[in-house]
Amino acid sequence: MDQTPHVALLPSPGMGHLIPLVEFAKQLLHHHHISSTLIIPTTGPPPQTQISVLELLPENLNHIFLPHVHLPENLPTVVLQLWATMSLSIPSLRNTLKLLSSTNRLVALVVDPFRLDAFDVAEEIGVAPYIYSISTAMSFLFWFHMPKLDKMFTCEYRDLPEPVKLPGCVPVQERDLFEAVQDRSHVEYRKLLENVSRVNSFEGIIIKRFLDLEEGAIKALQVEEPCKPPVYPIGPLTQTGSSDGAPQIEVLRHSSTGRFLTHSGLNSTLDSVFHGVPLIAWPIYADQKMIAVMLNEGLKVALRIKANEIGIVEREEIARDVKELIEGEEGKKVREKIKSLQDAAGNALNKNESSAKSLSELAFRWKI
């Protein structure tokens, strides 16, 4: 058996979950000679963008597509579809991990937060489970406070009389919380609360520190933090899953790109900060609204699109924000602030700075 440390990586479906783990695996290989296998759940043939990324993996980075699973027809939201995909893939994940551990020195299984059932499989196989989350410290704080908030309030979160105040973060209005928690009787809320309770009792959690942008919030986390892996540039392809999508990294690094209208997904946010491109935040769902609050009110590196009284964003509003970011006084402040964050992001990736040190600590743990 090869004695090189080997890590299994389990992303949820979707390019926005796959690419960060691909980049993480590349850093483990290039800097610490730790090989990896990406284990990818499927509900059908993979999109061409996903195949293109996987075809470019360097030697000693492998991938395995799990057998297709068939989702129930009554799953109305993307989050529930992700949970179902991961849950139905557990049996084939178990078989795959057994096979990997028979031919490799398998030291860890790294999963994203959508399927903590994989922890049980890791324990069966005898490897350490870790969480790799592509979210913000602000979102983490909300998740870890959910059990407390669940006991504090009897009303729905959307009816809270005042903003939710999290340590080290700007207050969050009820309308900007996850849709999954707006209805406390909904299955998404119960699943999220169940997962959070389990994570709170798991001492091996990885808290991913995004370019040190939320230092105060990270210090306020009331969980054990044995290691803090870094974030890296996301990669060469768009997050849309479409084979004809724009190459986001190339667009953002181009000298003629001056502004970025974004849905406020964290991958896009980090890409933009890393390349110093100021933002207009137009969040859609999941944690994007909380990220938009952080970017606009906390870090002040984005303007935020405002919807009208029935929730529609009008074209005049988009035009106004674009003009302001290009030539207005508020836009000038945003442009100046994002340049300072760009410098901090670059420093965090230097050899002896926080992100590189965090990765080294994790690699050392896996090589022991």
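Residues numbered from 1 in each chain as written. Predicted model: local features only at pLDDT ≥ 70, side-chain atom pairs only at ≥ 80, totals over all residues. Heavy atoms only, no water.

(A) Looking closely at the packing of helix H13 (residues 315-327) against helix H14 (residues 329-348). One can describe the packing of H13 onto H14 by two numbers: an axis separation of 6 Å at closest approach and a directional angle of 60 degrees. Helix-helix and strand crossings are classified by hand; for H13 and H14 the assignment is right-handed. On H14, the residues that touch Glu324, Leu325, Ile326 and Glu327 of H13 are Glu329, Glu330, Gly331, Val334 and Arg335. For the contact of H13 with H14, a count of residues per class yields three nonpolar, one polar and five charged. (Axes fitted to C-alpha atoms, helices over the stretch in contact; angles between N-to-C directions. Helix = DSSP H or I, 4+ residues; strand = E, 2+ residues; numbered from the N terminus. Left-handed = near helix turned anticlockwise from the far one by under 90°. Contact = heavy atoms within 4.5 Å. Nonpolar A, V, L, I, M, F, W, Y, C, P; charged D, E, K, R; others polar.)

(B) Region of the structure containing the pairing of strand S2 (residues 35-42). By the criterion of burial, S2 is predominantly enclosed, with eight of the eight residues buried. Neither face of S2 is left uncovered, since the one carrying Ser35, Thr37, Ile39 and Pro41 and the one carrying Ser36, Leu38, Ile40 and Thr42 both have all their residues buried. Of the pairings in the sheet, the one linking strand S1 (residues 2-10) to S2 comprises four bridges and is parallel in character. By the bridge assignment, alanine 8 is partnered in S2 with threonine 37. (Buried < 20%, exposed > 50% of the residue type's maximum accessible area, 1.4 Å probe, protein only. Pairing = 2+ DSSP bridges.)

(C) Structural context of the nonpolar core. In this structure, Phe142, Met146, Tyr157, Val181 and Leu295 are the most contacted members of the largest nonpolar core, which totals 45 residues. Listed by contribution, the elements that provide at least two residues to this core are helix H3 (78-88), helix H6 (137-152), helix H8 (187-200), helix H11 (266-274), strand S7 (279-281), helix H12 (288-298) and H14. Of all the elements, H6 adds the most residues to this core, at eight residues. In this view, tyrosine 157 contacts Phe142, Met146, Leu149, Asp150, Glu174, Leu177, Val181, Gln182, Arg184 and Tyr189; residues no more than four positions away in its chain are not counted. Listed in part, the 28 residues of the second largest apolar core include Ala25, Ile34, Leu54 and Tyr132. (Core = buried A, V, L, I, M, F, W, Y, C linked by side-chain atoms within 4.5 Å.)

(D) Molecular detail of the packing of aromatic side chains. Inspection of the entire model under this criterion finds six aromatic pairs. Measuring from centroid to centroid gives 5.4 Å for tyrosine 130 and tryptophan 366, while their planes differ by 80 degrees, and the two rings are edge-to-face. With a gap of 236 residues between them, tyrosine 130 in strand S5 (residues 128-131) and tryptophan 366 in helix H15 (residues 354-367) connect regions that are remote in the sequence. The same class applies to tyrosine 130 as to tryptophan 366, namely buried. With a centroid separation of 6.2 Å and 70 degrees between ring planes, the pair formed by phenylalanine 142 and tyrosine 157 is classed as edge-to-face. Separated by 15 residues along the polypeptide, phenylalanine 142 in helix H6 and tyrosine 157 in the loop between H6 and helix H7 (179-182) bring together distant segments of the chain. Residue classification places tyrosine 157 among the buried positions, given a relative accessible area of 0%. In this structure an aromatic cluster arises from ring pairing among Phe142, Trp143, Tyr157, Phe178 and Tyr189. (Phe/Tyr/Trp six-rings, centres within 6.5 Å; stacked < 30°, edge-to-face > 60°.)

(E) Layout of the environment of glycine 328. Turning to its location among the elements, glycine 328 is positioned in the loop between H13 and H14. Assessed through its relative accessible area of 12%, glycine 328 is described here as buried. Those residues in contact with glycine 328 that sit more than four places away from it in its chain are Lys323 and Arg335.

(F) Main features of the sheet that holds S7. If you walk across this open sheet you meet the three strands as S6-S7-S8, and the pairing is parallel. This sheet does not close on itself; its edge strands, each paired only once, are strand S6 (260-262) and strand S8 (302-304). If you compare each strand with its neighbour and ignore which way they point, the axes differ by 25 degrees on average. As defined by bridge partners, S7 adjoins S8 across three bridges and the pair is classed as parallel. What sits directly across from isoleucine 280, in S8, is leucine 303. The sheet strands contacting H12 are S7 and S8, and the helix crosses S8 at an angle near 125 degrees.

(G) Highlighting the environment of proline 72. The residue proline 72 is located in the loop between strand S3 (61-68) and H3 in this model. Given a relative accessible area of 42%, proline 72 falls into the partly exposed group. The spatial distance from the C-alpha of proline 72 to the C-alpha of threonine 85 is 9.7 Å, given a sequence separation of 13 residues.

(H) Local environment of helix H2 (residues 48-55). Considered for burial, the residues of H2 that qualify are Thr49, Gln50, Val53 and Leu54. Taken down its axis, H2 places every buried residue within 135 degrees of arc, on the same side. (Arc of directions from axis to C-beta.)

(I) Expanded view of the environment of valine 69. On the secondary structure map, valine 69 appears in the loop between S3 and H3. Along the chain, valine 69 and proline 41 lie 28 residues apart, while their C-alpha atoms are 8.0 Å from each other. If sequence neighbours within four positions are ignored, valine 69 has contacts with Thr42, Thr43, Thr85, Leu88 and Ser89.

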